[in-house]
Amino acid sequence: MTGAVPLQQGMLPDTIANLLGLDAYGVAGEVVAALLGAFLIANFLLINTAFAGPWAKRKITAAFTDRIAVNRIGPFGLFVIVADAVRLLSKELVVPDGADRPAWDLGPLLIPFSALLGFAVIPMGSGLQLADPETGLAFAFAASSIASLGLIMMGYASNNKYSLLGGLRAVASNIAYEIPLIVTGVSVVLFTGTLQMSAIVEAQQATFISVAGIAIPQWFAFVNPFAFVLFVVANVAEVGRNPFDIPEAPTEIVAGYQTEYSSVYFVLIYLGEFIHIFLGGAIAATLFLGGPAGPGPAALGIVWFTAKIWAFFLFTQWLRSAVPRLRVDQFIEIGWKGMLVLAFANLVLTAAIVGVLA
């Protein structure tokens, strides 16, 4: 793609290398700059996850159910983040008899790793992107899919029937809803003609329509709202939030694939779960909501990006509090007979529209 070269300038590792003078060290300097950039992005995500998991999740659920959430430890209960970290990490790591190690140990590591890896190609604002390959969207989907392997390993290796059922349900969930998710994402690629994440964001910067002097941006959520709704629904199923939290289903199979995990492994599972929610929001924002685009200067891109991924997180928490879980047969039927058919119908319709416009 001839127009893709300028879009790859200004990556975060390049900025770090220029600021610290690492350019003079050749490949070694590039590696150090890339690692520093990955460290900064990872810590940004971990900070957001720390607020989302122990604190915001409780506050939001309490607000929906008319209860009082954490409010005793620190201002607004914020220090519960530290208290929970100490409490969970200090617990004994109990390994079940007959567990298949090292698969039992590796499973919880794959979940946060896959989510963090997916953020490597997400544009978060002006110069805040680790890499911008021409296959960026495919990379993001592939990286997030690694979590499925972790869930299967955890379910199989725990030597527990509830864990095994959770692992099998995770496989069914990912097959049934990942295909509609990717097919719906491909409909955006038909509009843009590229898989490069920065190019997809750039394609949404034009004005779609002007109403009373207010310019509505050409975000694909406005251009094709049907595809946006499909993507969000499939995304919620992928991150395992109500009504699609079948793989863990606390009222049915204890805690599914995570039944036999405690201490640091339990923390890693929940950490990965919330980072995946933010990754789902980030991919949706990039494909349909202009990525980091928003009113004001480009420097506010990270602010708008953070607001968009938190909006998706708040939406999942609303679903968790308000929508009952589906039965497993309903869950599979909606995926195969509903979402898949609608996703391909959207793809065909989009292809026809693009063909007519071309």
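Calculation criteria
- Residues numbered from 1 in each chain as written.
- Predicted model: local features only at pLDDT ≥ 70, side-chain atom pairs only at ≥ 80, totals over all residues.
- Heavy atoms only, no water.
- Helix = DSSP H or I, 4+ residues; strand = E, 2+ residues; numbered from the N terminus.
- Rg over C-alpha atoms; globule rule 2.2 N^0.38 Å.
- Contact = heavy atoms within 4.5 Å.
- Lys, Arg positive; Asp, Glu negative; His and termini not counted.
- Charge placed at Lys NZ, Arg CZ, Asp CG, Glu CD.
- 1 Å grid on protein atoms, 1.4 Å probe; cavity = no way out; pocket = protein on both sides within 12 Å on 5 of 7 lines; lining within 4 Å.
- Points joined across faces, edges and corners; volume = space filled by probe spheres on them.
- Buried < 20%, exposed > 50% of the residue type's maximum accessible area, 1.4 Å probe, protein only.
- Expected span 1.5 Å × (residues − 1).
- Pairing = 2+ DSSP bridges.
- Phe/Tyr/Trp six-rings, centres within 6.5 Å; stacked < 30°, edge-to-face > 60°.
- Axes fitted to C-alpha atoms, helices over the stretch in contact; angles between N-to-C directions.
- Parallel < 35°, antiparallel > 145°, perpendicular 65-115°, else oblique.
- Left-handed = near helix turned anticlockwise from the far one by under 90°.
- Salt bridge = Lys/Arg side-chain N within 4 Å of Asp/Glu carboxyl O.
- Bend = angle between axes of the 7 residues up to and from the residue.
- pLDDT = per-residue confidence, 0-100.

### Focus on the overall build of the protein chain
- Each helix and strand counted, the protein chain has 13 helices and two strands in total.
- Taking 2.2 N^0.38 as the reference for a compact globule, 358 residues should give roughly 21 Å; the C-alpha atoms of the protein chain span a radius of gyration of 21 Å, in line with that estimate.
- By its C-alpha atoms, the protein chain is 60 × 55 × 40 Å across when sized along the principal axes.
- Sequence-distant contacts, at least 24 apart, represent 76% of the contacts inside the protein chain between residues at least 6 apart.
- Charged side chains of the protein chain number 16 positive and 21 negative; the gap between the two group centres comes to 14 Å.

### Quick look at empty space enclosed by the protein
- Counting across every chain of the model gives one cavity of 30 Å³ or more.
- There is about 390 Å³ of room inside the largest cavity.
- Forming the walls of the largest cavity are 26 residues, and the residues nearest its centre are Ala147, Glu238, Val239, Gly240 and His276.
- Those elements giving two or more residues to the lining of the largest cavity turn out to be helix H5 (136-157), helix H6 (161-192), helix H9 (225-239) and helix H11 (263-288).
- With seven residues, the top contributor of residues to the lining of the largest cavity is H11.

### Observations regarding the environment of Ala307
- You can see Ala307 is positioned in helix H12 (residues 301-322).
- For Ala307, a relative accessible area of 41% translates into the label partly exposed.
- Distance in space between the C-alpha atoms of Ala307 and Pro292 is 9.2 Å, their sequence separation being 15 residues.

### Comments concerning unusual backbone geometry
- In this structure, the amide linkage connecting Arg101 to the following residue, Pro102, adopts the cis form with an omega of 10°.
- For Ser263, which is not glycine, the phi torsion reads 55° and is therefore positive.
- The topology assignment puts Ser263 in helix H11.
- Given a relative accessible area of 5%, Ser263 falls into the buried group.

### Section: H11
- In a regular helix each residue adds 1.5 Å, so 26 residues correspond to 38 Å; H11 covers 38 Å between its end C-alpha atoms and thus fits that length.
- In terms of residue burial, H11 counts as a mostly covered element, since 21 of its 26 residues are buried.
- Just past H11, the residue Gly290 takes up positive phi, approximately 75°.

### Here's the deal with the pairing of strand E1 (residues 207-211)
- Here four bridges tie E1 to strand E2 (residues 214-217), and the two strands are oriented antiparallel to one another. Residue Thr207 lies in a different strand from E2, and its bridge partner there is Pro217.

### Section: the packing of aromatic side chains
- Here the structure, examined in full by the defined rule, presents 16 aromatic pairs.
- Summarising the aromatic geometry, the rings of Phe141 and Phe231 are spaced 6.5 Å apart at their centres and angled 50° between planes, so their arrangement reads as tilted. One end of the pair, Phe141, is in helix H5; the other, Phe231, is in helix H9, and 90 residues separate them in sequence.
- An aromatic cluster is defined as three or more aromatic residues linked by ring pairs; in this entry it consists of Phe266, Tyr270, Phe274, Phe278, Trp310 and Phe313.

### Some points on the packing of H9 against H12
- Axis separation between H9 and H12 bottoms out at 11 Å; the angle between their running directions is 70°. On the basis of their axis angle, the class for H9 and H12 is roughly perpendicular. The element H9 and its partner H12 pack so that their crossing is right-handed. Together, Val232, Asn235 and Val236 of H9 and Phe312, Phe315 and Leu319 of H12 make up the contact between the two elements.

### Details of the pattern of salt bridges
- Scanning the model with the defined rule gives four salt bridges in all.
- Residues Arg58 and Asp84 are paired through a salt bridge, measuring 2.9 Å at the closest nitrogen-oxygen approach. A residue pair is termed long-range when its members are at least 10 positions apart, and Arg58 in helix H2 (residues 26-64) and Asp84 in helix H3 (residues 80-89) qualify at 26 residues.
- Its relative accessible area of 10% is what places Asp84 among the buried residues.
- Between Arg87 and Asp84 there is a salt bridge whose closest N-O contact spans 3.1 Å. A residue pair is termed a helical-turn pair when its members lie 3 or 4 positions apart in one helix, as Arg87 and Asp84 do in helix H3 at three residues.
- A relative accessible area of 39% means that Arg87 is categorised as partly exposed.
- Three or more residues joined by partner-sharing salt bridges are found here, namely Arg58, Asp84 and Arg87.

### Details of H2
- With 39 residues, H2 extends 54 Å from end C-alpha to end C-alpha; this agrees with the ideal 57 Å at 1.5 Å per step.
- Where H2 bends most, at Ala56, the angle is about 50°.
- Asp66 sits one or two positions beyond H2 and adopts a positive phi of about 60°.

### Things to note about the side chain of Thr316
- Checked against the element boundaries, Thr316 lands in helix H12.
- Apart from the residues within four sequence positions on either side, Thr316 is in contact with Arg241 and Ile277.

### Digging into the environment of Asn71
- Along the chain, Asn71 turns up in the loop between H2 and H3.
- Separated by 188 residues in sequence, Asn71 and Thr259 place their C-alpha atoms 29 Å apart.
- Setting aside anything within four residues of it in sequence, one finds Asn71 in contact with Lys59, Phe76 and Gly77.

### What about the confidence of the model for the protein chain?
- Confidence in the prediction of the protein chain, expressed as mean pLDDT, is 86, and 95% of residues score 70 or more.
- Low pLDDT, under 50, characterises residues 1-9; the stretch is placed with 15 contacts to residues that sit more than four places away or in other chains.

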